[in-house]
Amino acid sequence: MKRHVAAIVALVTAVLVVDSHVDWVSQDGGKLLEVNGQRFDLRGWVAEQTRSWQSDCQAWTPLTTLPPNSPTAQAILLVIQQHSLPDSRSARWLQLLQQDDWSVAEVAFETLNPSLVVLRLQGGQWRVQDQAVWSGSTAPWHSGDLVRRYLRENAPGLPKALIDCVSVDPKRYGPGPGGLGPVSALGTKP
């Protein structure tokens, strides 16, 4: 067999093998990379890598990480604890960031899933932005990217630096380490 024929046969075989194992699938209005039945949010993973390279959270001087015992943090926690009674009474801090009149709080509860809550200072009072609360799994989507997009879309005035610097823990919200872990076609871990 001539070399160019062998090269063409090898190339066609390689393409067919890859095509039988790798595919793009549609789910929830987006695309996931599927490799041997395992789904990955490649777009979300790339978006998070890019965000982490471009965001310098240490350089944002108006961005503040609030200590849990500060008066502002206590006022915000009280608002969250009163928001969805009776289960919200057990809210406790995981993280709290503030920029100007916006705040993003992550709280844990005794009976509810951990939540990321966007609040805004309005008329001297902190108010939960009802449409901008995330709780639950993002599987099979990359947790950081999906949660950030959701909060940004549901709180349009939320400062980019604030949402970019909130830590979204894939152990609490996502499908696996780094948010790129495999998830079966049914949305559960293999």
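Nothing here was measured: the structure is a model prediction, and the numbers come from that model.

*Asks:* Outline the sheet that holds strand 1 (residues 22-27), supporting the account with residue identities and numerical values.
*Replies:* Reading across from one edge, 1-2-3 is the order of the three strands in this open sheet, with antiparallel pairing throughout. With one partner strand each, in any of the chains shown, strand 1 and strand 3 (38-40) form the two edges of the open sheet. The average angle at which neighbouring strand axes cross in this sheet is 40°, direction not considered. In this sheet, strand 3 lies alongside strand 2 (residues 30-35) in antiparallel orientation, the contact comprising three bridges. Within the sheet, the bridge partner assigned to Val35 lies in strand 3 and is Gln38.

*Asks:* Please provide a residue-by-residue account of a nonpolar patch on the surface, values included.
*Replies:* On the surface, Trp24, Leu42, Trp45 and Val46 cluster together into a nonpolar patch covering about 360 Å² of accessible area. Per-element accounting of the nonpolar patch gives the leading share, three residues, to helix 2 (residues 42-54). Considering the arrangement of structural elements, one finds Trp24 in strand 1. On the basis of relative accessible area, Trp24 is assigned to the partly exposed category, the value being 48%.

*Asks:* I'd like to hear about the side chain of Asp145, residue by residue, with values.
*Replies:* The topology assignment puts Asp145 in helix 4 (residues 143-154). Given the relative accessible area of 7%, Asp145 is considered buried. What Asp145 contacts, discounting residues up to four positions off in sequence, is Arg43, Gly44, Ala47 and Glu48.

*Asks:* Let's hear about helix 4: which residues, and what values?
*Replies:* End to end, helix 4 covers 16 Å across twelve residues, agreeing with the expected 16 Å (1.5 Å per residue, within 8%). Against helix 2, strand 7 (115-122), strand 8 (125-135), helix 5 (160-165) and helix 6 (170-173) lie the buried residues of helix 4.

*Asks:* Any details on the nonpolar core? Residues and values, ideally.
*Replies:* Generally speaking, a soluble globular protein has its nonpolar side chains buried in company with each other. If you look at the biggest cluster of nonpolar residues, it comprises 21 residues, and the most contacted ones within it are Val104, Leu116, Val118, Trp134, Leu151 and Leu158. Contributing elements (two or more residues each) for this core: strand 6 (102-108), strand 7, strand 8, helix 4 and helix 5. If we ignore the near neighbours within four places in the chain, the residues touching Val118 are Trp102, Ser103, Val104, Arg127, Val128, Gln129, Ala132, Leu151, Ala155 and Leu158.

*Asks:* Explain the pattern of salt bridges to me, using residue names and the numbers behind them.
*Replies:* All chains considered together, the criterion is met by nine salt bridges. Notably, a salt bridge pairs Arg148 with Glu48, separated by 3.0 Å at the nearest N-O pair. Here Arg148, found in helix 4, pairs with Glu48, found in helix 2; they are 100 residues apart in sequence, far enough to count as distant. Across this residue pair, the class does not change: Arg148 and Glu48 are buried. A salt bridge links Arg172 to Asp169; its shortest N-O distance comes to 3.6 Å. Exposure remark for Arg172: the relative accessible area of 35% places this residue in the partly exposed category. In this structure, a network of salt bridges that share partners links the residues Arg43, Asp145 and Arg149.

*Asks:* Would you mind going over the packing of helix 2 against helix 4 in detail, with residue names and values included?
*Replies:* Helix 4 packs onto helix 2 with a crossing angle of 80° between their chain directions and a minimal axis gap of 7 Å. Looking at the two axes, helix 2 sits roughly perpendicular to helix 4. Along its contact with helix 2, which presents Arg43, Gly44, Ala47, Glu48 and Arg51, the element helix 4 presents Gly144, Asp145, Arg148 and Arg149. In terms of residue class, the contact of helix 2 with helix 4 is built from one nonpolar, two polar and six charged.

Rules used throughout
- Residue indices begin from 1 for each chain and proceed along its sequence in written order.
- In view of the model being predicted, local features appear only for residues whose pLDDT reaches at least 70, and side-chain atom pairs are presented and counted only at 80 or more, with totals across whole chains, interfaces and linings using the full set of residues.
- Heavy atoms throughout the structure, all of them, feed into the side-chain values; hydrogens and water do not.
- Whether two strands pair comes down to DSSP finding at least two bridges between them.
- Secondary structure follows DSSP: runs of H or I at least 4 residues long count as helices, runs of E at least 2 residues long count as strands, and numbering of each begins at the N terminus.
- Each axis is a line fitted through C-alpha atoms, and for a helix only the stretch in contact is used; angles between axes span 0 to 180 degrees, taken between their N-to-C directions.
- Put simply, a patch holds well-exposed residues, over 30% relative accessible area, that have no salt bridge, with like charges counted together within 9 Å and Val, Leu, Ile, Met, Phe, Trp or Tyr side chains within 5 Å.
- Computed with the Shrake-Rupley method and a 1.4 Å probe, the accessible areas treat only the protein chains shown as cover for residues.
- Every case where a carboxyl oxygen of Asp or Glu lies within 4 Å of a side-chain nitrogen of Lys or Arg is listed as a salt bridge.
- Working definition: with a 1.4 Å probe on protein chains only, accessible area under 20% of the residue-type maximum means buried, over 50% means exposed, and in between means partly exposed.
- Contacts between residues were defined by any pair of non-hydrogen atoms, one from each residue, lying within 4.5 Å.
- The span expected for a helix works out to 1.5 Å for each residue beyond the first.
- For our purposes a nonpolar core is just a set of buried Ala, Val, Leu, Ile, Met, Phe, Trp, Tyr and Cys residues, chained together by side-chain atoms within 4.5 Å.
- Just so you know how the angles are binned, under 35 degrees is roughly parallel, over 145 roughly antiparallel, 65 to 115 roughly perpendicular, and the rest oblique.
- Nonpolar residues are Ala, Val, Leu, Ile, Met, Phe, Trp, Tyr, Cys and Pro. Charged residues are Asp, Glu, Lys and Arg, and all others, Gly as well, are polar.

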